[in-house]
Amino acid sequence: MPTRAPEVRSVFSAGGVEVLAASLAVSRPRLVGLAAMLTDDERRRASALARPLARRFAATRGLLRELLGARLATKPELVDLRVAPAGKLYAPGPVRFNVAHSADLAVFAFTLRRDVGVDVERVRALPAFERTAALALSPRENAELQELPEPCRLQAFFSCWTRKEAYLKARGVGLSIDPRHAAADGNRWALETFEPAVGFVGAVCTERAA
Ligand SMILES: CC(C)(COP(=O)(O)OP(=O)(O)OC[C@H]1O[C@@H](n2cnc3c(N)ncnc32)[C@H](O)[C@@H]1OP(=O)(O)O)[C@@H](O)C(=O)NCCC(=O)NCCS
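Residues numbered from 1 in each chain as written. Predicted model: local features only at pLDDT ≥ 70, side-chain atom pairs only at ≥ 80, totals over all residues. Heavy atoms only, no water.

Tell me about the sheet that holds strand 7 (residues 116–122), and please be specific about residues and values.
Read from one edge of the open sheet, three strands run 7-9-8, paired in antiparallel fashion. Two strands close off the open sheet at either side, each with one partner strand: strand 7 and strand 8 (189–194). Between one strand axis and the next, the sheet turns by 15° as a mean value, whatever way the strands run. When strand 7 meets strand 9 (residues 200–207), the two strands line up antiparallel, connected through seven bridges. (Pairing = 2+ DSSP bridges. Helix = DSSP H or I, 4+ residues; strand = E, 2+ residues; numbered from the N terminus. Axes fitted to C-alpha atoms, helices over the stretch in contact; angles between N-to-C directions.)

So, in C-alpha cells, the structure goes:
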C-alpha cells in the first residue's frame, strides 16, 4: 500500500480507480518541502504565477509527485512527468492519473493502464448562471436543469459540469472541444460523482476494462 501524506484522504475507490483529496492549505514548512520536489521547469512555472496560484500549483504538483513516487517506487523529484499536446500530464509506465483543483482542494485519480480524468468544483453562486449553463451544457441538459426546483440548480449544474469535464480530461482533450456536445459513451467510460469535502462536488471518468 503506497504511503500517504497526512493531508491526503481517500474519497472514492471502486472499479479500479482510486480518488484522493488533499487540502492545499498546508503549513509553510510543508509547502517548502513540497516545492523542493519540483523540477526547475515547474519552479519557473510557479514563479510566473501570482502568489496564491503559485502556492496552489506548488502544493498540488508536490503532492502529485509524492503520490506518484509511492506508486512507482521512486523519489518524488525523480518522477518523469511529461505533458501531452493538449496539456494532460502522464508518466511512462502502467500508472495513469489525473489532477484537478478548486479553491484550496486538490483531487488526484489513479488507475492502472486505463485512461482517467477527474474534476472538482466548489459549489458556488455564479453571477451569470443561466448564461454559463447555456455555454457549458447541452440544450437537453439545460432543459433538465430548468425543471429542477431553483435551490437545487447550482448543485445539479456543478454535478453535470464536473462529469463532463472529467470525461474530457480522461480523453486528454480538455476544453479544446465544445463541452455542450461532450457526452461519455457508457459502454466505454464509467462516470462516478463524489463529494470530496463539504461544499464541493467531484467526478471521475475511467475507461472501462476491454
Ligand atoms: C484541462 C482543462 C479542462 C482544465 O481546466 P480547469 O478547470 O482550469 O482545471 P482543473 O483543476 O480541472 O485541472 C487542472 C489540471 O488538469 C490537467 N490537465 C491540463 N490539460 C489537460 C488535458 N487536456 N486533459 C486532461 N488533463 C489536463 C493538469 O494536470 C492541470 O493541473 P496543473 O495545471 O496543476 O498541471 C483546461 O485547462 C483545458 O481545456 N485545457 C486544454 C487546453 C487546450 O485546449 N489545449 C490545446 C492545445 S493544442
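Mind laying out the packing of aromatic side chains, listing which residues take part and the relevant values?
Inspection of every chain in the model, using the stated rule, returns three aromatic pairs. Each ring, one from Phe157 and one from Phe158, has its centre 5.2 Å from the other, and the planes form 70°; the classification is edge-to-face. Judged by its relative accessible area of 2%, Phe158 is buried. Aromatic side chains Tyr167 and Trp189 sit 5.9 Å apart centroid to centroid with 75° between the ring planes, which places their arrangement in the edge-to-face category. On the criterion of sequence distance, the pair formed by Tyr167 in helix 6 (residues 153–171) and Trp189 in strand 8 is long-range, its members being 22 residues apart. Residue Trp189 is classed as buried on the basis of its relative accessible area of 5%. Among the aromatic residues, ring-to-ring pairing joins Phe129, Phe157 and Phe158 into one connected group. Looking at Arg71, its charged tip hangs above the ring of Phe110, at a distance of 4.2 Å from the centre. (Phe/Tyr/Trp six-rings, centres within 6.5 Å; stacked < 30°, edge-to-face > 60°. Buried < 20%, exposed > 50% of the residue type's maximum accessible area, 1.4 Å probe, protein only. Lys NZ or Arg CZ within 6 Å of the ring centre and 35° of its normal.)

Please provide a residue-by-residue account of the pairing of strand 8, values included.
Looking at chain direction, strand 8 and strand 9 are connected through six bridges and run antiparallel. Paired with Leu191 across the two strands is Cys205, which belongs to strand 9. From the end of strand 8 to the start of strand 9, which pair antiparallel, there are five residues, and Gly199 there has a positive phi angle of about 90°.

How would you sum up the packing of helix 2 (residues 40–47) against helix 3 (residues 51–72)? Please name residues and give values.
Helix 3 packs onto helix 2 with a crossing angle of 155° between their chain directions and a minimal axis gap of 8 Å. By the angle between their axes, helix 2 is roughly antiparallel relative to helix 3. For the crossing formed where helix 2 meets helix 3, the hand is right-handed. Where helix 2 approaches helix 3, its residues Glu42, Arg45 and Ala46 are matched on the opposing element by Ala54, Phe57, Arg61 and Arg65. Residue composition of the contact of helix 2 with helix 3, grouped by class: three nonpolar, no polar and four charged. (Parallel < 35°, antiparallel > 145°, perpendicular 65-115°, else oblique. Left-handed = near helix turned anticlockwise from the far one by under 90°. Contact = heavy atoms within 4.5 Å. Nonpolar A, V, L, I, M, F, W, Y, C, P; charged D, E, K, R; others polar.)

Tell me about the nonpolar core, residues and numbers included.
Ranked by size, the top nonpolar core spans 28 residues in total, and within it Val8, Leu63, Leu64, Leu68, Phe97, Phe108 and Phe110 carry the most contacts. Secondary structure elements with two or more residues in this core: strand 2 (17–23), helix 1 (28–35), helix 3, strand 5 (95–102) and strand 6 (105–112). Setting aside residues no more than four positions away along its own chain, Leu64 makes contact with Leu81, Leu89, Phe97, Val99, Phe108 and Phe110. Counting residues in hydrophobic clusters, the runner-up holds 14 residues, among them Val19, Ala21, Ala109 and Val116. (Core = buried A, V, L, I, M, F, W, Y, C linked by side-chain atoms within 4.5 Å.)

How would you sum up the environment of Arg65? Please name residues and give values.
Mapped onto the elements of the fold, Arg65 is located in helix 3. Taking relative accessible area as the criterion, Arg65 reaches 2% and is therefore assigned buried. Sequence separation between Arg65 and Leu34 is 31 residues; the distance between their C-alpha atoms is 8.7 Å.

Which residues make up the site of the ligand, and what values go with them?
In the vicinity of the ligand, 20 residues are found, and the nearest of them are Arg45, Arg61, Ala86, Lys169 and Leu175. A distance of 3.0 Å separates a nitrogen atom of the ligand from a polar atom in the backbone of Gly172. Backbone polar atom of Leu175 to an oxygen atom of the ligand: 2.5 Å apart, as the coordinates give it. For the ligand, whose unbound accessible area comes to 890 Å², protein coverage reaches 67%. (Near = heavy atom within 4 Å. Polar contact = N/O pair within 3.5 Å; in protein donor to acceptor, adjacent residues only side chain to side chain. Areas by Shrake-Rupley, 256 points an atom, 1.4 Å probe, with all protein chains shown as cover.)

Can you explain the sheet that holds strand 6? Please cite residues and give values.
Strand order across the open sheet formed by four strands is 1-2-6-5, with antiparallel pairing between neighbours. Among the strands making up the open sheet, the edge pair consists of strand 1 (8–14) and strand 5. Across this sheet, the average inter-strand angle for adjacent strands is 20°, counted without regard to direction. Sheet analysis places strand 5 next to strand 6, joined by eight bridges and oriented antiparallel. By the bridge assignment for strand 6, Asn98 is matched with Ala109.

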